[in-house]
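Structural characterization, general
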Amino acid sequence: MKVKQFKYDPLAHYSYALISDGEMAIIDPERNPMQYYAFAKTNKAKIIAVIETHPHADFVSSHWQIHQETGATIYNSKKLGADYPHKPFDEGDSIKIGQTALSAINTPGHSPDSITIVAKEGKGTILFTGDTLLIGDVGRPDLREKAGNMKSKRQEMAESMYHTVQHKFKNLPDEAIIYPAHGAGSLCGKSQSDASSSTLGNERRDNWAFKKQTQEQFINELLDSQPFIPSYFGYNVDVNRQGAAMLRNAIAEVPFKLNTTTEGLIVDVRQESAFKKGHLKGSINIQASSEDAPFETWLGAIIKPEEKFSLAIDVPKDLETVLQRVAKIGYEKQLQMVLTLPKENLVKTPLLDLQDFKNNPDHYTIVDIRNKSEVAEGKIFNSALTHPLNQLRETAAKIPSNKPIVVHCGGGYRSAAGSSILESQLNGATVFDLSDDVTQFKD
């Protein structure tokens, strides 16, 4: 059997193709399936199966599109309650991909409908663990309280994860290779390793979840300090359960206009420096200017599902890439238009006098927009007000504007978005972006 791992860096998402004897299965595919088709063609393989380990929260999957374009059968747990044609794949079920035997283990914990796929050919064993078993961690248990066919409370899911770790992998060999659905940087866990794969033996030795501990100790550790949940996560679970529209048709419906203006909610995806030189009034600067920028995460954290918005881009050649990125989280449906800006009548953002700020920090209201878990590890400025970026549109009115406001995060990407939110919502306030290495300013 031959396995190819595909990675989408901004979401730290791993998807897979497995080929054996001219047949191919795709596991946990991202929204655009073309890379899987190319891999199948290169290897002269026929795509006969697409398998979902669970309905993912942080991206929209292309399983329904793959089924329509290739005829491949979709497999997932019957507990998922999928609205599209599929075959159940649960404990006791098995399928063949060429000479490779695939079986399912129900491994709830991250979600009630999670499965682990066990692939065996000859003496080799591979585990596609989805977001159940990550490298160095296990999947968070708190994403399914408000979404999906089965809504489960975090305490119940944490208890399920403890049972899964204790019992579900017992009869599998140490040399079994583990391929997870996410890696370091994903919000589906909190302490993933940078490694993209591991072995079950290594995880039994090094992963905190396999340490000897009581159920209470395990649950306390699992629930402690989990990262925030972006507002789009529940929405994506439901989109994936229903099956997303074909990508090329979905993004083709979005209007594009040159050198124009618009009103309403506007997301400006250009570089921070270009945004500050001139933007439409009220715009929010969520940068998509680099391939690995976490654009999708922050778009889906700041803009709510089904909230209508427009996108401002730099040049027309950026259109296709940006639309693809918006569609990764299924937000193309609420996108009213994409536009490039005129050269006149744009708003400029003032730049902070760093020396004055260093000398007179008390002359400013400092706003820390890092996540709560980051702030808990220590403030950069003791006087800073804490307003996490994912909540800032709702909490902005609580920030006093009698002094100039300085917004900071950890590295500068988020502060560009945060300062633009405050600029748009606090009329008459002077808002600066401390788009710099904040450690040099630490109190």
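Okay, so let's go over this structure. (Residues numbered from 1 in each chain as written. Predicted model: local features only at pLDDT ≥ 70, side-chain atom pairs only at ≥ 80, totals over all residues. Heavy atoms only, no water.)

1. Some thoughts on the sheet that holds strand E17 (residues 284–285)
Read across the sheet, five strands follow the order E15-E19-E18-E16-E17 without closing on themselves; strand pairing throughout is parallel. Only two strands of the sheet have a single partner each, and these edge strands are strand E15 (256–257) and E17. Bridge analysis of strand E18 (residues 309–313) against strand E19 (residues 335–340) gives five bridges, and the strand direction is parallel. Bridging from a neighbouring strand, Phe-309 pairs with Leu-335 of E19. Seen against the sheet, helix H10 (residues 319–328) touches E15, E18 and E19 and runs at an angle of roughly 145° to E18. (Pairing = 2+ DSSP bridges. Helix = DSSP H or I, 4+ residues; strand = E, 2+ residues; numbered from the N terminus. Contact = heavy atoms within 4.5 Å. Axes fitted to C-alpha atoms, helices over the stretch in contact; angles between N-to-C directions.)

2. A look at the pairing of strand E4 (residues 46–51)
Pairing between strand E3 (residues 23–27) and E4: five bridges, direction parallel. For Ile-26, the partnering residue across the bridge sits in E4 and is Val-50. As for the winding sense of the linkage, the β-α-β connection from E3 through helix H1 (residues 34–42) to E4 is right-handed. Here E4 runs beside strand E5 (residues 73–76); their pairing, made up of three bridges, is parallel. When the sheet's bridge partners are listed, Ile-51 is paired in E5 with Tyr-75. The parallel pair E4 and E5 is bridged by helix H2 (residues 63–70), and the resulting crossover is right-handed. (Right-handed = clockwise from strand over helix to strand, strands pointing away.)

3. Quick notes on the pattern of salt bridges
A complete count under the given rule lists 20 salt bridges for this structure. Across the pair Arg-144 and Asp-113 runs a salt bridge whose closest N-O atoms are separated by 2.7 Å. Linking Arg-144 in the loop between strand E12 (137–138) and helix H3 (154–168) with Asp-113 in the loop between strand E8 (100–106) and strand E9 (115–121), this pair joins segments that are 31 residues apart in sequence. For Arg-144, a relative accessible area of 2% translates into the label buried. A salt bridge links Lys-276 to Glu-272, with the nearest nitrogen and oxygen atoms 3.4 Å apart. Taken together, the residues Lys-276 and Glu-272, both in helix H8 (residues 272–277) and four residues apart, mark about one turn of the helix. Because the salt bridges share partners, they merge into one network encompassing Glu-272, Lys-276 and Asp-433. (Salt bridge = Lys/Arg side-chain N within 4 Å of Asp/Glu carboxyl O. Buried < 20%, exposed > 50% of the residue type's maximum accessible area, 1.4 Å probe, protein only.)

4. Let's talk about empty space enclosed by the protein
Under the criterion given, the structure shown has one cavity of 30 Å³ or more. What the largest cavity holds in volume is close to 40 Å³. Together, His-54, Pro-55, Ala-57, His-110, Ser-111, Leu-143, Arg-144 and Val-237 line the largest cavity. Here the lining of the largest cavity is composed, by residue class, of four nonpolar, three polar and one charged. (1 Å grid on protein atoms, 1.4 Å probe; cavity = no way out; pocket = protein on both sides within 12 Å on 5 of 7 lines; lining within 4 Å. Points joined across faces, edges and corners; volume = space filled by probe spheres on them. Nonpolar A, V, L, I, M, F, W, Y, C, P; charged D, E, K, R; others polar.)

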